[in-house]
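Structural description and commentary
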Amino acid sequence: MSGKDKTTPQQEEYQQLQGKHEIKRPVFTNCLKAFFVGGIFCAVGQAISYFYIYFFNFTEQTVGSPTTATMVFLALLMTGFGFYDRIGQFAGAGSAVPVTGFGNAVISAAIEHRTEGFVLGVGANMFKLAGSVILFGVFSAFVVALIKTILQMIGG
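These numbers come from a predicted model, not from an experiment. (Residues numbered from 1 in each chain as written. Predicted model: local features only at pLDDT ≥ 70, side-chain atom pairs only at ≥ 80, totals over all residues. Heavy atoms only, no water.)

The next subject is the packing of aromatic side chains. Counted under the stated rule, the structure contains eight aromatic pairs. Ring centres of Tyr52 and Phe58 lie 5.8 Å apart, and the angle between their planes is 70°; this geometry places the pair in the edge-to-face category. Owing to a relative accessible area of 30%, Phe58 belongs among the partly exposed residues under this scheme. One aromatic cluster is present, formed by Phe51, Tyr52, Tyr54, Phe55, Phe56 and Phe58 through successive ring pairs. (Phe/Tyr/Trp six-rings, centres within 6.5 Å; stacked < 30°, edge-to-face > 60°. Buried < 20%, exposed > 50% of the residue type's maximum accessible area, 1.4 Å probe, protein only.)

This part covers the environment of Thr70. With respect to the helices and strands, Thr70 occurs in helix α3 (residues 64–80). C-alpha separation for the pair Thr70 and Thr100, spaced 30 residues apart in sequence, amounts to 9.5 Å. If we ignore the near neighbours within four places in the chain, the residues touching Thr70 are Ile48 and Tyr52. (Helix = DSSP H or I, 4+ residues; strand = E, 2+ residues; numbered from the N terminus. Contact = heavy atoms within 4.5 Å.)

Our focus in this paragraph is the nonpolar core. Listed in full, the seven residues of the largest apolar core are Val37, Phe41, Ala75, Met78, Tyr84, Ile87 and Ala91. At the level of secondary structure, the elements contributing two or more residues to this core comprise α2 (27–56), α3 and α4 (83–91). Ranked by residues supplied to this core, first place goes to α4 with three residues. (Core = buried A, V, L, I, M, F, W, Y, C linked by side-chain atoms within 4.5 Å.)

Turning next to helix α1 (residues 9–21). With 13 residues, α1 extends 19 Å from end C-alpha to end C-alpha; this agrees with the ideal 18 Å at 1.5 Å per step. Among the 13 residues that make up α1, zero are buried, leaving the element largely open to the surroundings. (Expected span 1.5 Å × (residues − 1).)

Look at Asn57: it is not a glycine, yet its phi comes out positive at around 55°. Checked against the element boundaries, Asn57 lands in the loop between α2 and α3. A relative accessible area of 68% means that Asn57 is categorised as exposed.

Pairs of packed helices are described in terms of their axes, by the angle between the two and the distance that separates them. Here α3 crosses helix α6 (residues 99–112) at 45°, and the two axes come no closer than 8 Å. In terms of orientation, α3 and α6 fall into the oblique class. The way α3 lies across α6 gives a crossing that is right-handed. Counted together, Thr68, Met71, Val72, Ala75, Leu76, Thr79 and Gly80 of α3 and Val99, Thr100, Phe102, Gly103, Asn104, Ile107, Ser108 and Ile111 of α6 form the full contact between these two elements. Tallied by class, residues from the contact of α3 with α6 come to eight nonpolar, seven polar and no charged. (Axes fitted to C-alpha atoms, helices over the stretch in contact; angles between N-to-C directions. Parallel < 35°, antiparallel > 145°, perpendicular 65-115°, else oblique. Left-handed = near helix turned anticlockwise from the far one by under 90°. Nonpolar A, V, L, I, M, F, W, Y, C, P; charged D, E, K, R; others polar.)

A separate point is the packing of α2 against α4. In contact at an axis separation of 8 Å, α2 and α4 are set at 140° when each is read in the N-to-C sense. Classified by the interaxial angle, the pair formed by α2 and α4 is oblique. In this structure, α2 uses Lys33, Ala34, Val37 and Phe41 to contact α4, whose residues at the interface are Tyr84, Ile87, Phe90 and Ala91. When its residues are assigned to classes, the contact of α2 with α4 shows seven nonpolar, no polar and one charged.

Here the focus is the side chain of Thr100. Turning to its location among the elements, Thr100 is positioned in helix α6. In this structure the side chain of Thr100 is engaged in a polar contact, spanning 3.0 Å, whose partner is the side chain of Tyr84. Among residues more than four places away in sequence, those in contact with Thr100 are Phe41, Met71, Ala75, Tyr84 and Ser95. (Polar contact = N/O pair within 3.5 Å; in protein donor to acceptor, adjacent residues only side chain to side chain.)

Written out as structure tokens, the structure reads:
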């Protein structure tokens, strides 16, 4: 064993004291909340998809874009009115994982920096977090399209 693995009696005493006072996190309950809130978001998205299919004659292949745009818009509204933050505090990752989390990330940065002006504040800071998501999505789509094109050329 190296000298780094040894702890002094004071360190051991501190670790025991810290363990007694550490807050126990309800992991199972948090997972259930995230699961159900994420499921509710997905159910709302599915309902919006059915709405577009029924009332606007979209097909199952074409309904994805307007549904995604509507869900992001709803997240923007909920964030603007302060409701999404409460959902995030309650559900944790259940509110961040769906596409609504993307909308929340974009509008939160815009709201936070609005006092700096529209160009240098909102425009420059809106995509700080979301920019990497957009970049990765566009790059991944390019790579997949390139692979598909090569495979189609080889397959004839």
